[in-house]
Structures are given as structure tokens and as C-alpha cells.
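Take a look at the letters that make up each chain.
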Amino acid sequence: MSGGTSEPRIPLSEWIRSFHTFLDQQQFGNISNHTTASSSDYLILALRLTCSLAAEICRVGEETGRLPTPHFDWMDSIVVHLKSNSSKGDGTENVVNTILTDDDDGIRVEVLPSLGERPAELEQTQIGETTPNGFGTEELSEGFNPFQQGGTIDADELSMYQNLLSDYNLSDDDSTSYDMASQGDGPRKKRTQNENYNMCSVSVEPLIEKGVPMSLCDLIANMLDCANGTLRKDEMYNDVSEVRDDLQLMLDKPFIYLHDQDIVRLLTTGLQFGGTVFGRDVELSTVKEAYRRAVSGDSELVTISGQSGTGKSLLAFEFGKYVLADGGILLSGKFDQRQQGMPLSALASAFNQYCGILLQNCNLASSTQMLAHQINHVLGREANHLAKLIPNLANILCLDTNCFIHDEGCTNAQKRLQYLLCRFVEVISSTFAAPVILFLDDLQWADSTSIAAVNQLLLTGGLASQDTHFFFLGCYRDGETDNCNPLWKSLCNSNLVNARSTDIKLDCMGEETLSTMISETLCLSPRLTRSLSSVIYHKTKGNPLFVSQLMISLNKEGLLRPSLSRRRWEWDKEKIQCKALPDDVAMFFTNSIEALSEDVKSSLSVLSCFGSSVESAFIKTLEKVLKNNLLRNLDEAVEEGLLDKKDGRYHFSHDRIQEAAYNMMNILDRCHYHFKYGMALAPLPSGEKDDSNLLTAANQLNLAGPEAVEERSQNVIVANLNLQAGKKSMEMSDFVAAYSYFDNGISFLRKKHWEEHYALSLELFDLAAKCALTNGDVVSLKILSEQVIAYGRSYEDKLNVLYSTTCALAFSSKLPESIDKGLDILANLGIELRGCRSSMEASVQETKDLLSIFTDDEILNTRPMTDPTTILAMKFLGKLELGMAQIMPESAPFVTQQIIQLSLLHGMSPVSPIGFVHLGSYMAKLGDISEGYHYVKLARSLIDKVGSRESAGEVISMGTHIRAYVEPLQATLEYHNEGYAAAMLSGDIIQAAFNIMCSCSSSFVAGVNLQTTRDKCAESSKFLYERKMMIFMTQLNCLHHSVLKLSGTDEKPQRVSAEEEKILTTNKSVKRTYNYQKALISFTFRIYDDSKHYSEKYLDCVDSTWANLMLQHAFQAFHMGLISFWVARKSGDEQQWHERGERSKLALKKWAESSCWTFENKWYLLEAEESYCNNDFDRAKLYYAYAISSARDHKFVHEEALACELAAYFYLELGDTEKAMEYFLLAHEKEQLGSATLSSSLLKADLLRHPPAVSNRRHVNCKHNRVVMGICPADVFNVAVLGVSVSLLDDGKVLSNTPYSYASVVAEVGSVAAVIVTDRRVAPTIQYRLILSNDNEKDRGADL
């Protein structure tokens, strides 16, 4: 580097002589003021100086095109810059600081341009003379101590650096010659004269004897040999830059390139590869960036793909180190091709391993206790279901898994487990205040259940609170996944689950990266390993796995070996180059295994049948049943590097090794061995507490297949084993694996199995049908059901599959068919519902009479139901209840009556609370809100009494609607979140969806900020779409579009699918919601014809939907009343609309009696509108004021804005323009508080301030940003803005259609209409061309 002139300088030769003198004095104890440095410290500091010199020589060469000539006096042309910031002490301190200061610039060395001629200012600086900074070199010799730490360095070691610095033109073969001469105790330089050059010969042996690192000795020897021309070409220095690079490597990575290797250890252990990742810096940074985004609040999905052996897992592990260092929580698991039947094996392993770490680490005991407390608080007894999957969690919670009772009544245990895993992640993240990272390897073997769970975790991560952050990382092998793989479906759906997806593709290493890998592995500079790297690269094509395994193999063969004499690795390049190798790593492993003994090969084949990793305890079990000494043989494979032994498990070093061992068996032998191992393990589970071998035995038998059966009796054994394995999987909530077991069990049954093994056949088909329903496999469900219906010996035996098919119809949006089928089944059980002629009032009264003789305590303490047929009948009734309430409201109360009657006669079942909550809802619908509220609370209490929360989601959702008629509305919003959680815990996805939809709707009518409601609707819609809940999604989208309109979000509605179109035309409940929302938006923007039209369509649906009282019914009545009074004032059919408005007013008045907080302001506003309609203006003024005040007191800001706007219209009609403008401005203020960003009230107030002259010419009011506000006469019909049609209104009448995506309709005041046009496609400065036309005038254009 170039030096600066302001710093004092000293010639390098004199700097070294000073050190000689200092070290000599140090030997005799003359220096006591300074401590000495250790040898290691001194080496690093000396290397810094030497490296700086080499870099400076390279700089001079680059700038001048020539290097200093190699004569003895050349060191006089090199100066060392001294530190000039020392404020005290003599000049010695400046020299000391030269090497001890570890700043960014390092030690500064400069080669003077004179190239051997001493500079003028240094000409007189000799030993004993004064240097430019004020001290002499004798003073340096006497008082100079360059060290401030302990240790000693003698002159021999210093001579090494003098010799190192004296030879720099290293490739000039005829420049120097050396001979060896030693004098005294250390190396001596012998000078000879050869033309103009000084010759010398030096031995590095004394340096080796002094313990100088061998790498440094080799560097010096290479430089000396290079000058003599005695070095092999592979080790020759070509120029000084290579010396500089080697020195820099020693500085940057001293433990690799400077310090000596333990050669004795290497002779014992052989070549070892660490976990270092080479050439993946960009990919690692990409993963880290995604992780940091996840920590910031986003949900992230990252996958790493590549061919086998490209380092996917190693990159993930490197990232794992970063996560742990950053304080994150890492869960890691691995899928296995041989263990695909094991329920959620990779996920369970990841969570179980983490819980095991918590249990084993004593330092985490308090945190583990806190985690256990939080799990019990959040999950309660539902944590038992997780403990079945995660044994170590049971230990944390101190649970006895043998005492768990399988909950057969769970509506969808798989959905429940997914929800529980999500809550578990949330608890872990919040307890430890850290992000949770889930890494799953070998996703190409992933099962759909595990991927669905990951999807749910990603979805929850996107919707979760700010305290929870989730990040997913997965690896998969290229070429072994396709579009049908669940992984790809997950990637395609990543947007739907609120997760950003990144796929990183790894290729084989380039030659430069491979050179670095070999260099660091052998602890030799790339210059020395260059030839070996080239050979290995061309043989392996840069595949990291192939490279490592080949080098280990070369080491075992002695072609790559540690040398005791040279203290480094050496190799036979020619022999390696001639070595024949296969084309790919798989064949290489096969050849490696073939070279082993027969016993070891056989044991590896046995191990490969059970997966990539097997516990030692299980291998001992195998030894007993197979009578084979497996452990000894596997330990030999560990020594060969084919297996790893860690934490009590044997792992194949790589999947390719497992595959090679497995593929050594032919297909027929594989089937034979799988069947042999499965049958050997089959008898074990019945006599053991731990039934983990049950699933292993079933998997082995299923891999063999029915063709491997040797005896007829074995078919029944295998079928029974699959039955038990399927039940075990159901307990673990993996219904995909369970279905696979049941299906395999059926495949092992022989012909005539219905006659010979009826009970076994019935149970297999029943449970397989149940799993098919849960998995959404309608085709398999149909086939299985047909078999049971055909061969079932009694109607009771067929009820389970009939229930499954009935549920399937409901799930597939065929609600009428589902209800019809359910009614038929109940009729066969003696419960006839079709012949019921009772009215809703009569059925409710009969049920009340039935309950009148029981107290609440007697009802709560009723015995549990035990009769299986009655329990199943109750399930059918519970399934019919909600469906009939929607589309057959006149019959639904009779279903409730039957549920309660059976509960009182035969005992309470999990369905019983549903009957009581619906009874409360029907009572409230009929006007008795107080009594209905009573039964809602009774139903909540009954859930805990029946010991099952299967119906909790429905009870909470239906009950919340009634509670909102009694309690303040805003206080009830959280209940639907509770209902969602309860439904997810029971796996009831339908009720979870219903609670989500109701939560959005309640937030909207409660006046929650529109931006918040908009985001909530968007997230909920994604949730419903991802779960194919099309009816609820279609209904929610109606609300979502209204929120978008009101919040001024100029978004184009998504195209409605054919399925949504069908739902809108056939489902009366959805039609009712759709027409109501359209009427509401039309009324809000004062579109008279649309308001009237959609109101009439809404009223056509009211009487044929919902027997229950819903919160939305009150708000629908409220807005229909407002529209009715408006239409009554403007239409000729005044009486009919006036009567409709009055009915709404009386309903709101009645509800205001039960909840003044929620309904008083709405009743007041209807009173005001009715008075306005009746021309009772004084009464109208009074009730407008009441409505505004009540809405403000009860925190309904959006309804306060509505009341102000309607009052403004009222005063405008009276001619009080000033009062009208006051209320318009007040309405605008409240709309802004509610985030109604596209407020028409402000424009209306502006129209009143500046009324335009009424003419056929349009009038420009103002223009700002991307919004153009034009005020036009009412007789102007059409406006076109860049081809976008925009509506103008004539007293509420739409004169042209408006695409909502670009234009928003405005306001009308008297005969003047206005329009707001928003076009986000163009810049604000673009001039808009308006084309105005009507029937009486020609088109004319004007620039706006």
C-alpha cells in the first residue's frame, strides 16, 4: 500500500536489526518494563508485516511494470511507517505500536520508487544515529520492546522473516543459487558473488526444530527451491502475488492454513469432512433474508431443490446454525421413503426432538415449566391429542399416554390436530419470545397430511398475532416430484395461505469452489492442491457428495494420505488420475458396498428396509427375532463411513447409500424380506406397552403386498394388524395414513371374506369410509359405502357409512340432498320428521312444556347417553339442525324438539347442547329474547357436563347471535373468535368457517374501522377458499365487496366462478345476503332505483330462510326500514313501503328494550325517517338529534355519520341549506373516523357552498391528485373517461352503468348531479376528455 509522508519512517533492515538487539537483551533480562508476546501472537503480527510487504511489492510491480532487483541492499528501499499518535514515551513506543496496533490499515510498508537508493531523509539514519522522529537506532536496541504480552521469540525465528523478505523475484531461475551451510546455533547466510547478484543458501530445519508451523516453513522452502529450480511444478510460485495470497490465507484462516495438523490423529481417523458449506453464500443469504422477513411479521416458505448430493441439507444445517445463534427455535425432521405409512413421522419427530432437548437441558428447566403452564392454559385437555403424537410433550406435561381415551366423536380429528399444532407453535414462540423455524428434509417423500399441516402452520403464521412468527424451510430432490405431489400443491397455494414462497435451486460446484473445498479440507493452500482438485473435478463433475466420498475412498486406499515427515497431506496424482470410477454417485456407493463382507452387506440391506435412520433398541429387537448379529456388522459399516452412529440411532450417511443398499436386493427378494420382517415383528405389539412396532410391522407387510403371503391364515393376521394400525393412526389424527392401513387390510382379505370374517370386514370398511370422508375422497367413500350397504347384515350395521355419505353431501354444497337422505335414515330409525305439521310457534311451545318440569341443575346432571343407535340418531339430528334452519325454517324447531326429547329420555350426548342453543335462538326469534338468552347460557354449561366439546363451535356461534341482543354488541365480538377456536379444536371445519364469517359481519355492523374490517374479510376469504367452503366464502364476498366500496378501495371484483354463480342462484340464504348488501350500497350512494329493486328481491327471500334469530337480521331490518321510508316518500306505492318501514321500526323498538346500547339509536333514526315521511317535521328534528346523540354515546361512529347525512337531506328538503351543510360536514367527519375514504358528504357540502348554474354545459369544480370532481347539470346523460363509462345521477336515477373498478358514483342535490372519477391507470397530469351527450344535442367534447 502507498505510504503517507506525514508519518515517520524507518528502513526495514534497521527495523529488523532493532528487533535482533531487543531480543538479545531480552534473553539476559535487561528489559523489565514490557511483557512479551506468545509465539502464536508474534507469528500473526509478523505475518501482517510480511503480507503487507508482499502486497506493496505487487502494487509497485503493477504500477511501474518492474520489481526491485534482488540484491542484498534492496531492503534499504523498503521502509516501515511508524505510528505517530504516541503522546508520551520515547521513540521506542512508536516502533512497538507499528506491529501491536490492530487497526483496519494493518502494518504499513512502502517500497520506495528509488528501488534500492536510500532516500535523502534516511541517508544518515544508521545504528546509533538519530531517526526522523527523534531517536537513534542504538536507543532502539537498548530500550526497544515490540511486545506487550508474554512469550519469547529468539533471533532464529526472526531470521526466517529476514530471509523471507530477501527473495521476491521468485520465478527467475538463473538469478540465485543456494547451498546449505550452518554455523553456530541457527541458520547462517553464506554470501557468494555471481555477477551483480548476492547468493545465499538457507536451511529451514532450525525453524522446524523451533516449532515454526510447517506451512510457513514450506512456504519459505518453496520460495528457496523455486529460485534453485529444484521444486516440482505443482508447488512452484509463479509470481509474488501467489506468495501474497498464501500469506493472506494464513492470516485470514490460521487454524486451517497456518497451524500444524494433528498428523498422528489423522493416521488413526483418516480424512474427515466437517459441516462447512462451500460456494453457497448467495443461496444462504437468500434464506437469511426470507427468515428476517418472517421475523418481521410475514409468513415465509422457502424450499431448496437440487440433484442428489448437491448439499441441500448441508445448506439448511448451516442456516440452522445462524437461526440458533440469532435466538430462534429450530425444529427439524426428515421424511423417509420407507416410513411413509408412519403418521406425520417427520413433523412428529421434529416436535418430539425439540421437547426432548427441553427435558434434557437442566438450564431450561424453568422455561420448560413455563411452557407446560402455557400449554395447559391455552390447550387444556386438548393437549392430550398432541401428546399422543409427541411422546416427549407428554413427559413435559406429566401425562400418562396409556390412560388416554380416543375421542371417536371428533368431527374431524385431522383438522383438530392441525389446529393444535398451530397453537403449539404459537405457545412456543410466545413463551420464549422467539421465532419458530420448521425444517423438513426430503420433501419428495412427504405425505399429504404433513403438507396440509405445514399449510395450516403457514396460514396461521400469516394470520397470527405479532408475538408469533413462523418460518418454513424444506429440501427436496429434483426429478422426483411432479404436479400431483402435495409439495407442489403447497407451493401453488402459498399465496392463498398468506405466505411468500421462494425456491432455491442448487447445482453442482464449479471448479473454483471445489478447489476451495479440497484446499480447506486438506489444510493446504489452493496453489498446492490445484492439481488434485482438477483431477477430482473432472471425475465427479463437482457433485459435493461424490467429491467427499471419493476423497474418503482415496484415503482408505492410500492414494491420499497424511505424511509424518512433511506433516501434511500428500497424494499420488497419476494413480488417482488412472483410477476407474462410475459416472454417478449412486453407482459409486453400490461399488463401495459390494466391496464389503457378505455379513455387512446383508445387515445394511436389512437396515435399508426400515428407513434412513433406525434406533439401536429396535435393531436389538430385530436381532432377537431374526437371530442375526446386526449391531456388530453395522458398527463395521460405521467404520467404513457408510453409517453414522449418533444419539442411540444408526443413520445412513446419505440417502443415496440407503438406496444403494436397498437396490442390491432384487424385487422378489425385497417382497420376501419385507414380509419376513413384518411377520417376525407382528406378535410383539400385543405383549408390549409401547406399540410403536405395530406400525412398523404393518408397514413392512404392506410393502410386501398380498402376493407375499405364504399361508392362508396369514391373510387374516395381516388384515387384523392393519386394522389396529389404522386405529392407532386415527388416534394420532392422521386419517390419510389410517385410510392406507384400512385399505391395505382390505386388500389382504380373500374372497368370501364377508361370509367368513364379517366383523373384521365390517370394521375395516366402516373405518375406511370414515377416513375417506375426512380426506375428501368422495369416490372411495362411494365404493366403500356400496359394499357395506350390499353386505351389511342389519340396518344398524349400515348406519356409520350412511352417516358418512350424508355428511359428504352437505360438504359438497348439496344441502337439500343431504337433508333428504338424513330424513330417510331417521325415519328408518323410527324418528319421522316429514309428517310434522306443527308451526314454529307450536313446536317451540311443546318443547318449553317438556322442559318445564326440570330445573337447570336436573338438566345439567342428566345421565350420559349410552345406546349406540340412539347416539348415532342424535348425530343425524345434529347434522340436520343447522341445514334445515337455513333452508327449511318451518321444520327446524321440530328437529330441536326431538334432540331435547331424546336427551331427556336416554341421557345427554355431545349433540344435546345443540338442541338447547337452537331452542334459545327460536325463542328469541319469536320475541322472547330473555328466555332465549337463558337457554343459550344453559347450552354453554351443558358442553362441560357432557364431557365433549364436539358441538362447542356451533353452540358458541349460535349463542353469540342471541347474546348480541342482550349485551353491548362491541363486547360480543370476541365470542366468535372463541367459537372458531373451539370448532378447530374439535375439527369441525364447517363451524369454524361459520364463526369466521359471522365475526366479519359482526365487526362490520359494530362499526369497526373499515380498513380493519376489509383486511379481516380478505384473510377470512382466503381461509374459506383454501378449505373449499364455497357457500360461506360466497356469502362473505358479498360483505367484502360492500366494505371495499365504502372504504373507497377502487378494486375490480374478482370473476365469479361457475360454482359461486350456482350458489347465488340456488341458496336462498346466500341470495338474501347478496340482495341485502346490494341494497345497502345503493342506499348509501343514494341510487334510488337499485335500492328499491334489491330491497324487493331481499324481501322475497326473508320468509324462506333462517328459523334462527341472527344479529344480521336486526341490521337488515334497520336498513330495509330506512330504504322503505325513502321509497315511500318518492314512489307512488307509498302505503306498502310505509308499512314495511313501520314493521322494521317496531322490531327495532322491541329489540331496543332488550339492548338499549345496541339498538336504541337505530330505533330513533327510524322514528325520525317515519316522521319525515309523515310530514311531522318537528318530531323528525327531535328524533334525528336523538339518533345522532345515541349513536355517539354507544360508539357506533358509522351510524352517527349515517344519521347526520339523513338529517342533512331532511333539512335540505326544508330549505335550511346552512343546517344541511352543517350536517353534511359532520357526516364527513364521522365517515373519516370510520375510514370511509371516498366520502360523498363532503362533495354534497361543497355543492351547497358553490351551487353551479344549471345548464346543459358541464361545470368543472376542481381537480386534485388522481380524482376528478366534475359538477354537471342533471340532464347530461353520459360521461366517458378514457373509455371508462361513468354514471351521472338525476335525482337518484342511474342514467348509465358504472364499472366500479374505476369510477365511484357521487351525490345529487336537487337538480344538480356530480361524479367522482378515479382512474389509477394514468398520472394526475393527464388531461381527461369528457364526451357529454343527450338525446337533444349533438355530442360535444371538453377537456377537464
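Preceding this section is the structure that the text describes.
No experiment lies behind these values; they were computed from the predicted model shown.

A look at the overall build of the protein chain
Logical step 1: Within the protein chain, the regular secondary structure consists of 58 helices and 27 strands.
Logical step 2: Here the protein chain holds 1344 residues, and 56% of them are scored as buried.
Logical step 3: For the protein chain, the share of sequence-separated contacts (at least 6 apart) that also reach a separation of at least 24 residues comes to 72%.
Logical step 4: Counting only carbon and sulfur atoms, one obtains 49% of the accessible surface of the protein chain, whose full area is about 56500 Å².

A closer look at the sheet that holds strand β15 (residues 613–615)
Strands pair in a sheet through their backbones, by hydrogen bonds, and they do so in one of two ways: parallel or antiparallel.
Logical step 1: Spatially, 3 strands are ordered β15-β17-β16 in an open sheet, and the strand pairing comes out antiparallel. The open sheet has two edge strands with one neighbour each: β15 and β16 (643–646). Along the sheet, successive strands turn relative to each other by an average axial angle of 20°, direction set aside.
Logical step 2: Bridge count between β15 and strand β17 (residues 649–652): 3 bridges; the pairing is antiparallel. The residue bridging V614 from the neighbouring strand is Y650, located in β17.
Logical step 3: Most of the contacts of helix α25 (residues 598–608) go to β17, to which it runs at about 95°, and overall it touches β15, β16 and β17.

Things to note about the state of the cysteines
Logical step 1: All told, the structure shown has 0 disulfides when counted by the stated rule.
Logical step 2: The structure places no disulfide on C58, whose sulfur is separated from the nearest cysteine sulfur, that of C51, by 9.3 Å.
Logical step 3: Note on C58: relative accessible area 11%, which makes it buried.

Describing empty space enclosed by the protein
Logical step 1: All told, the structure shown has 19 cavities of 30 Å³ or more when counted by the stated rule.
Logical step 2: Approximately 330 Å³ is the volume found for the second largest cavity.
Logical step 3: S1001, Q1035, T1073, Q1112 and Q1116 are, among the 21 residues lining the second largest cavity, the residues nearest its centre.
Logical step 4: At the level of secondary structure, the elements contributing two or more residues to the lining of the second largest cavity comprise α46 (989–1005), α48 (1030–1046), α50 (1068–1084) and α52 (1111–1130).
Logical step 5: It is α46 that contributes the most residues to the lining of the second largest cavity, 6 residues altogether.

What to know about the pairing of strand β11 (residues 470–477)
Logical step 1: With 8 of 8 residues buried, β11 is to be regarded as a mostly interior element.
Logical step 2: Of the two faces of β11, both are covered, the one formed by F470, F472, G474 and Y476 as well as the one formed by F471, L473, C475 and R477.
Logical step 3: In terms of strand pairing, strand β8 (residues 299–306) meets β11 through 7 bridges, oriented parallel. Paired with I304 across the two strands is C475, which belongs to β11.
Logical step 4: Here strand β10 (residues 436–441) runs beside β11; their pairing, made up of 5 bridges, is parallel. The residue bridging I437 from the neighbouring strand is F471, located in β11.

As for the packing of aromatic side chains
Logical step 1: Applying the stated criterion across every chain, the model contains 35 aromatic pairs.
Logical step 2: Taking the centre distance of 5.2 Å and the plane angle of 45° together, the rings of Y1184 and F1210 count as tilted. Placement of Y1184 in helix α55 (residues 1177–1193) and of F1210 in helix α56 (residues 1197–1214) is noted, with a sequence separation of 26 residues between them.
Logical step 3: Judged by relative accessible area, which is 1%, Y1184 ranks as buried.
Logical step 4: What links up through ring pairs into an aromatic cluster is the set Y1172, F1177, Y1184, F1210, Y1211 and Y1223.
Logical step 5: We note R1086 situated over the ring of Y1209; from NZ or CZ to the ring centre the distance is 4.3 Å.
Logical step 6: Here R1140 stacks its cationic end above the ring of W1137, 4.5 Å away from the centre of that ring.

Digging into the environment of V378
Logical step 1: Residue placement: V378 occurs in helix α14 (residues 365–379).
Logical step 2: Spatially, the C-alpha atom of V378 lies 8.8 Å from that of F424, the residues being 46 residues apart in sequence.
Logical step 3: Apart from the residues lying within four places of it in its own chain, the contact partners of V378 are R423 and V427.

As for the pattern of salt bridges
A pair can form between side chains of opposite charge whenever their charged atoms are brought close.
Logical step 1: In this structure the tally under the stated criterion is 38 salt bridges.
Logical step 2: Two residues, R244 and D245, come together in a salt bridge whose shortest N-O distance is 3.3 Å.
Logical step 3: Judged by relative accessible area, R244 falls into the partly exposed class, the value being 24%.
Logical step 4: According to the relative accessible area criterion, D245 is partly exposed, its value standing at 37%.
Logical step 5: The residue D441 makes a salt bridge to K334 at a minimum N-O spacing of 3.9 Å. On the criterion of sequence distance, the pair formed by D441 in strand β10 and K334 in strand β9 (residues 329–334) is long-range, its members being 107 residues apart.
Logical step 6: Take D441: its relative accessible area is 6%, and that puts it in the buried class.
Logical step 7: Counted as one network, the salt bridges with shared partners bring together K334, D441, D442, R477, D655, R656 and E659.

Focus: the packing of helix α41 (residues 892–906) against helix α42 (residues 912–925)
Working note: a packed helix pair is described by the angle between its axes plus the distance between those axes.
Logical step 1: At their nearest, the axes of α41 and α42 sit 9 Å apart, and the two run at 135° to each other. Comparing their axes, α42 and α41 come out oblique. Relative to α42, α41 is oriented so that their crossing is left-handed. On the side of α41, the interface is formed by A892, P893, T896, I899, I900 and S903, while α42 contributes S912, G915, F916, H918, L919 and Y922.
Logical step 2: By residue class, the composition of the contact of α41 with α42 is 7 nonpolar, 5 polar and no charged.

Rules used throughout
Residues numbered from 1 in each chain as written. Predicted model: local features only at pLDDT ≥ 70, side-chain atom pairs only at ≥ 80, totals over all residues. Heavy atoms only, no water. Helix = DSSP H or I, 4+ residues; strand = E, 2+ residues; numbered from the N terminus. Buried < 20%, exposed > 50% of the residue type's maximum accessible area, 1.4 Å probe, protein only. Contact = heavy atoms within 4.5 Å. Areas by Shrake-Rupley, 256 points an atom, 1.4 Å probe, with all protein chains shown as cover. Pairing = 2+ DSSP bridges. Axes fitted to C-alpha atoms, helices over the stretch in contact; angles between N-to-C directions. Disulfide = S-S within 2.5 Å. 1 Å grid on protein atoms, 1.4 Å probe; cavity = no way out; pocket = protein on both sides within 12 Å on 5 of 7 lines; lining within 4 Å. Points joined across faces, edges and corners; volume = space filled by probe spheres on them. Phe/Tyr/Trp six-rings, centres within 6.5 Å; stacked < 30°, edge-to-face > 60°. Lys NZ or Arg CZ within 6 Å of the ring centre and 35° of its normal. Salt bridge = Lys/Arg side-chain N within 4 Å of Asp/Glu carboxyl O. Parallel < 35°, antiparallel > 145°, perpendicular 65-115°, else oblique. Left-handed = near helix turned anticlockwise from the far one by under 90°. Nonpolar A, V, L, I, M, F, W, Y, C, P; charged D, E, K, R; others polar.

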